[in-house]
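# Descriptive structure summary
The lines below spell out each chain.
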Amino acid sequence: MPDGDSRKAEEWLDAHGDYLYRYALARLGQDDLARDAVQETLIAAWKGRDQFHDKSSVRTWLTGILKHKIVDHCRRQIRERALNDELERDPTTSYFNENGAWRTRPQPWQDDPERLYRDREFSKILRECIDRLPQQQRHIFSLRELNGETSASICKESGISTTNLHVIIHRARLALRKCLEFNWFVP
């Protein structure tokens, strides 16, 4: 880094570092998060220094970058929290380890599914297992597998993507399989 450039970076840090840190700390509430946000801000500002054309003060420009870094952090937290909450409510979570591998691999079914469906006792157990599914899984599974609705119509009605539909159906099937293994295919 040329000598003039390093002086400029030091000037920014000396003139605005404490202000940026206090600003970030007031919004993030944690010392380490505030320090990281200020560091990311200064790095981003340094990389984009050619974009700054003195239309505002350096502090205003740096604060604007910092605001975006804080918003990005909050969005990441919300996504991670939403994912963790969803995993906690998902009845299939216990079937897999941290790497996504089966804890206990399901055994292949030996019976003919069509014949089983016609069997009244099996139908009763299947209905009970379907009723135990979380509301969204139960609704979407029933629309797709019992009512024969198309993926497109289910996605449109439920306001979900095709990918999300397939994940919900997959999780419902896993939960039903486990329920049936426990309640019907007892060794």
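Here is a short report on the structure shown in this document. (Residues numbered from 1 in each chain as written. Predicted model: local features only at pLDDT ≥ 70, side-chain atom pairs only at ≥ 80, totals over all residues. Heavy atoms only, no water.)

### Some words on the pattern of salt bridges
What the rule picks out here adds up to five salt bridges. Here Arg-35 ties to Asp-31 by a salt bridge, and the two come within 3.0 Å at their closest N and O atoms. Here Arg-35 and its partner Asp-31 are both found in helix H2 (residues 31-47), four residues apart, which amounts to about one turn of the helix. The exposure class of Asp-31 is partly exposed, given its relative accessible area of 36%. Here Glu-128 makes a salt bridge to Lys-124, at a shortest N to O gap of 3.8 Å. Here the residue Glu-128 and the residue Lys-124 both occupy positions in helix H5 (residues 120-132), the gap between them amounting to four residues, near one helical turn. By relative accessible area, Glu-128 is classed as partly exposed at 31%. (Salt bridge = Lys/Arg side-chain N within 4 Å of Asp/Glu carboxyl O. Helix = DSSP H or I, 4+ residues; strand = E, 2+ residues; numbered from the N terminus. Buried < 20%, exposed > 50% of the residue type's maximum accessible area, 1.4 Å probe, protein only.)

### Digging into helix H8 (residues 162-183)
With 22 residues, H8 ought to run about 32 Å at 1.5 Å a step, and its terminal C-alpha atoms sit 31 Å apart, in line with that. Considered for burial, the residues of H8 that qualify are Leu-165, Ile-168, Ile-169, Ala-172, Leu-174, Ala-175, Leu-176, Cys-179 and Leu-180. (Expected span 1.5 Å × (residues − 1).)

### Looking at the packing of helix H6 (residues 135-146) against helix H7 (residues 151-158)
Axis separation between H6 and H7 bottoms out at 10 Å; the angle between their running directions is 150°. Accordingly, the angle class assigned to the pair H6 and H7 is roughly antiparallel. Considering the relative orientation of H6 and H7, their crossing is right-handed. Residue-level inspection shows His-139, Ile-140, Leu-143 and Arg-144 of H6 in contact with H7, the latter providing Ser-151, Ile-154, Glu-157 and Ser-158. When the residues that make up the contact of H6 with H7 are grouped by side-chain class, the tally is three nonpolar, three polar and two charged. (Axes fitted to C-alpha atoms, helices over the stretch in contact; angles between N-to-C directions. Parallel < 35°, antiparallel > 145°, perpendicular 65-115°, else oblique. Left-handed = near helix turned anticlockwise from the far one by under 90°. Contact = heavy atoms within 4.5 Å. Nonpolar A, V, L, I, M, F, W, Y, C, P; charged D, E, K, R; others polar.)

### Brief notes about the nonpolar core
If you look at the biggest cluster of nonpolar residues, it comprises 18 residues, and the most contacted ones within it are Ala-24, Trp-61 and Leu-66. Looking at this core, the elements with two or more residues in it are helix H1 (3-28), H2 and helix H3 (58-89). Excluding residues within four positions of it along the chain, Trp-61 makes contact with Trp-12, Ala-45, Gly-48, Arg-49, Phe-52 and Ser-56. Within the second largest apolar cluster, 14 residues are counted, among which are Tyr-95, Leu-133, Phe-141 and Leu-176. (Core = buried A, V, L, I, M, F, W, Y, C linked by side-chain atoms within 4.5 Å.)

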